[in-house]
Amino acid sequence: MELSSILKPEAVRVLSAASSKKRLFQEIGDVAEGALGLEAQVVVDGLLERESLGPTGVGHGVALPHARLGDLAEVAGVFVMLEKPIDFGAVDRQPVDVAFALFAPEEAGVDHLKALALVSRTLRNTSVCAKLRANPDPVKLYAILTEAQSVQAA
């Protein structure tokens, strides 16, 4: 599985106005609707439902919100950089400025877990995160994310 198969270039954004976790989820829903053809409110509801089980802020300013959605054919994602970090209830209590939202079909057991592991592995790499934070341009962000995986695989 490759990040380029999960993430489309048009699903990468830099956000300036997300002031809370809920607002971030609404922004992610809007991006998912435009880039992936998903219904924004279904995305938001799925993310909020999963988040109610426990925060998906994994530390070091990174969050991996995710949800299983009934009307989805394959695993897909939305990547956002926040100009202003927000409180996310992360395990290390650090505010979040990098979020990779992952969506999977309800029946995608192992594929969902593989995709989550792939994204987590990529964003745990401190040099990848430093490059992402230094290049707030969606085209560059997409290139860094997809290039990071091929470098790790080599």
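Residues numbered from 1 in each chain as written. Predicted model: local features only at pLDDT ≥ 70, side-chain atom pairs only at ≥ 80, totals over all residues. Heavy atoms only, no water.

**Observations concerning helix H4 (residues 109-124)**
Inclusion rule: Strands here are runs of E lasting at least two residues and helices are runs of H or I lasting at least four, both read from the DSSP assignment and numbered beginning at the N terminus. A helix is expected to span 1.5 Å for every residue after the first. Throughout, exposure labels follow a simple rule: accessible area from a 1.4 Å probe, protein chains only, divided by the maximum for the residue type, with under 20% read as buried, over 50% as exposed, and the rest as partly exposed.
Taking 1.5 Å of rise per residue, 16 residues should cover 22 Å, and H4 covers 23 Å from first to last C-alpha, within 8% of that figure. Restricting attention to buried positions, one finds in H4 the residues His-112, Ala-115, Leu-116, Leu-118, Val-119, Ser-120, Thr-122 and Leu-123.

**Observations regarding the packing of helix H2 (residues 21-36) against helix H3 (residues 40-51)**
Stated formally: Note on geometry: axes are C-alpha line fits, over the in-contact stretch for helices, and angles between N-to-C directions span 0 to 180 degrees. Between 65 and 115 degrees an angle is taken as roughly perpendicular, under 35 as roughly parallel, over 145 as roughly antiparallel, and anywhere else as oblique. For any pair of crossing helices, the crossing counts as left-handed if the nearer helix is rotated counterclockwise from the farther one by less than a right angle, and right-handed if it is rotated clockwise. Between two residues, a contact is recorded if the distance between any of their heavy atoms is within 4.5 Å. When residues are sorted by character, Ala, Val, Leu, Ile, Met, Phe, Trp, Tyr, Cys and Pro go into the nonpolar class, Asp, Glu, Lys and Arg into the charged class, and all the rest, Gly among them, into the polar class.
Following both chains from N to C, one finds H2 and H3 inclined at 140 degrees, their axes separated by 8 Å at the closest point. The orientation of H2 with respect to H3, classified from their angle, is oblique. Taken as a pair, H2 and H3 cross one another with a handedness that is right-handed. When H2 is examined against H3, the residues Lys-21, Phe-25, Gln-26, Ile-28, Gly-29, Asp-30, Ala-32 and Glu-33 are found in contact with a partner set consisting of Ala-40, Val-43, Val-44, Leu-47, Leu-48 and Glu-51. Class assignment of the residues belonging to the contact of H2 with H3 gives a composition of 8 nonpolar, 2 polar and 4 charged.

**Quick word on a negative patch on the surface**
Our working rule: Here a patch means residues that are over 30% exposed by relative accessible area and free of salt bridges, tied together within 9 Å if like-charged and within 5 Å if nonpolar (Val, Leu, Ile, Met, Phe, Trp, Tyr). Under the convention used here, a 1.4 Å probe and the Shrake-Rupley method define accessible areas, while residue burial counts only the protein chains that appear. The term salt bridge refers to a pairing of a side-chain nitrogen on Lys or Arg with a carboxyl oxygen on Asp or Glu at a separation within 4 Å. For the charge count, each Lys or Arg is scored as positive and each Asp or Glu as negative, with His and the chain ends excluded. Where a charge lies is defined by one atom per residue type, namely NZ (Lys), CZ (Arg), CG (Asp) and CD (Glu).
Residues Asp-30, Glu-33, Glu-39, Asp-45, Glu-49, Asp-71, Glu-106 and Glu-107 make up a contiguous surface patch of negative charge. Secondary-structure elements contributing two or more residues to the negative patch are H2 and H3. As for its position among the elements, Asp-30 is in helix H2. Under the relative-accessibility criterion, Asp-30 is labelled partly exposed at 44%.

**Points about the packing of aromatic side chains**
One pair of aromatic rings is described through two measures. These are the centre distance and the angle between the planes. Defined as follows: A pair of aromatic rings is counted whenever rings of Phe, Tyr or Trp (Trp by its six-membered ring) have centres within 6.5 Å, and the orientation is called stacked for planes under 30 degrees apart, edge-to-face for over 60 and tilted otherwise.
Taken as a whole and assessed by the stated rule, the structure comprises 2 aromatic pairs. Note on Phe-25 and Phe-88: the rings are 6.0 Å apart at their centroids and 80 degrees apart in plane angle, and the pair reads as edge-to-face. A residue pair is termed long-range when its members are at least 10 positions apart, and Phe-25 in helix H2 and Phe-88 in the loop between strand E5 (76-86) and strand E6 (96-105) qualify at 63 residues. A relative accessible area of 0% places Phe-25 in the buried class. For the pair Phe-79 and Phe-100, a centre-to-centre distance of 6.1 Å together with 65 degrees between the ring planes defines the contact as edge-to-face.

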